[in-house]
Amino acid sequence: MRERLTRRGFDADTVDDVMARLDKAGLLDDEDFATEWVRSRGANSGRGRVALRHELKAKGVDASTIESALSDIDPDDERAVARRLVDRKLTPRVIDEAIADRTARDKQFRRLAGMLVRRGYPQSMALDVVGEALNEALADH
C-alpha cells in the first residue's frame, strides 16, 4: 500500500498518515489478505498454488505469509478443481477427434496440460489429471 501511494505521487507525510489510519482500523493485515486471496482466487478463478504464490509475491506479501496461506489448500481439492477445468474442455467433439486420431489425442493432451500449468498447477499434477480425464472420457465413449 505504501509503495502504491508513493507511486501515485503522495508525499511521505500523507503516506505515513494514511498507513497509520489503515493500521489502526485493522485494514493492513497481510495474513488475512493472503488467506482471502488464496481462497477467492483458488475457488473463483481456478488458480493453482504456483500461480497464487506468484500473484501474492507480486503484491509484496512476504514468503512466510504466502506459504502459510497456501498451506490451507487441500491437495485433493486443488486436484478436483484442475479436473473440473479439464472436464469442461473435454467436449464431445474433442473426444470424438481424440478417438479418431492418435495425433489429435496427443495434441489435446498437450493443450489441456498446458492450460493447467498456465493456471498455476504443478506440471506433474497437470499431466496426471489430463491423462486420467482423457483415458476416462475415451473409455466411456
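Up top is the structure these notes are about.
Here the structure is a predicted model, which is why all the values come from computation and not from measurement. (Residues numbered from 1 in each chain as written. Predicted model: local features only at pLDDT ≥ 70, side-chain atom pairs only at ≥ 80, totals over all residues. Heavy atoms only, no water.)

### Re the overall build of the protein chain
Within the protein chain one finds nine helices and zero strands. Each helix and strand of the protein chain, ordered N terminal to C terminal, gives the series α-α-α-α-α-α-α-α-α. Against the globule reference of 14 Å for 141 residues, the protein chain gives a C-alpha radius of gyration of 21 Å, more extended than a compact globule. Dimensions of the protein chain, computed from C-alpha atoms along their principal axes, come out at roughly 70 × 30 × 20 Å. (Helix = DSSP H or I, 4+ residues; strand = E, 2+ residues; numbered from the N terminus. Rg over C-alpha atoms; globule rule 2.2 N^0.38 Å.)

### Observations regarding the packing of aromatic side chains
Applying the stated rule across the entire model yields one aromatic pair. Ring centres 5.6 Å apart and planes at 35° place the aromatic pair Phe33 and Trp37 in the tilted group. In this pair, Phe33 and Trp37 both sit in helix 3 (residues 30–44), four residues apart, roughly one turn of the helix. In this structure Phe33 comes out as partly exposed when scored by relative accessible area, which is 34%. (Phe/Tyr/Trp six-rings, centres within 6.5 Å; stacked < 30°, edge-to-face > 60°. Buried < 20%, exposed > 50% of the residue type's maximum accessible area, 1.4 Å probe, protein only.)

### Things to note about the pattern of salt bridges
A full pass over the atoms with the stated rule returns 13 salt bridges. With its nearest N and O atoms 2.4 Å apart, the salt bridge here joins Glu36 to Arg39. Within this pair, Glu36 and its partner Arg39 are both found in helix 3, separated by three residues, close to a single helical turn. When its relative accessible area of 40% is taken as the criterion, Glu36 is described as partly exposed. A relative accessible area of 48% places Arg39 in the partly exposed class. Between Arg83 and Glu132 there is a salt bridge, and its shortest N-O distance comes to 2.8 Å. Within this pair, whereas Arg83 is found in helix 6 (residues 75–89), its partner Glu132 is found in helix 9 (residues 123–140), the two being separated by 49 residues in sequence. Its relative accessible area of 17% is what places Arg83 among the buried residues. Connected through salt bridges with shared partners, the residues Arg79, Arg83, Asp87, Glu132 and Glu136 form a single ionic network. (Salt bridge = Lys/Arg side-chain N within 4 Å of Asp/Glu carboxyl O.)

### Description of the packing of helix 3 against helix 4 (residues 49–58)
For the pair helix 3 and helix 4, interaxial distance at closest approach is 10 Å and the crossing angle is 140°. Accordingly, the angle class assigned to the pair helix 3 and helix 4 is oblique. Relative to helix 4, the crossing made by helix 3 is right-handed. Across the interface between the two elements, Phe33, Ala34, Trp37, Val38, Arg41 and Gly42 of helix 3 pack against Leu52, Glu55 and Leu56 of helix 4. Among the residues forming the contact of helix 3 with helix 4, the class breakdown is six nonpolar, one polar and two charged. (Axes fitted to C-alpha atoms, helices over the stretch in contact; angles between N-to-C directions. Parallel < 35°, antiparallel > 145°, perpendicular 65-115°, else oblique. Left-handed = near helix turned anticlockwise from the far one by under 90°. Contact = heavy atoms within 4.5 Å. Nonpolar A, V, L, I, M, F, W, Y, C, P; charged D, E, K, R; others polar.)

### Examining a negative patch on the surface
A contiguous patch of negative charge on the surface is contributed by Asp29, Asp30, Glu31, Asp32 and Asp62. Its location among the elements puts Glu31 in helix 3. For Glu31, a relative accessible area of 55% gives the class exposed. (Patch = residues over 30% accessible without salt bridge, like charges linked within 9 Å, V, L, I, M, F, W, Y side chains within 5 Å. Areas by Shrake-Rupley, 256 points an atom, 1.4 Å probe, with all protein chains shown as cover. Lys, Arg positive; Asp, Glu negative; His and termini not counted. Charge placed at Lys NZ, Arg CZ, Asp CG, Glu CD.)

### Topic: helix 6
The end-to-end C-alpha distance of helix 6, which contains 15 residues, comes to 22 Å, matching closely the 21 Å that a straight helix rising 1.5 Å per residue would cover. The secondary structure elements touched by the buried residues of helix 6 are helix 3, helix 4, helix 8 (102–118) and helix 9. The opening residue of helix 6 is Asp74, an N-cap whose side-chain oxygen sits 2.8 Å from the backbone nitrogen of Asp76. (Expected span 1.5 Å × (residues − 1). Polar contact = N/O pair within 3.5 Å; in protein donor to acceptor, adjacent residues only side chain to side chain.)

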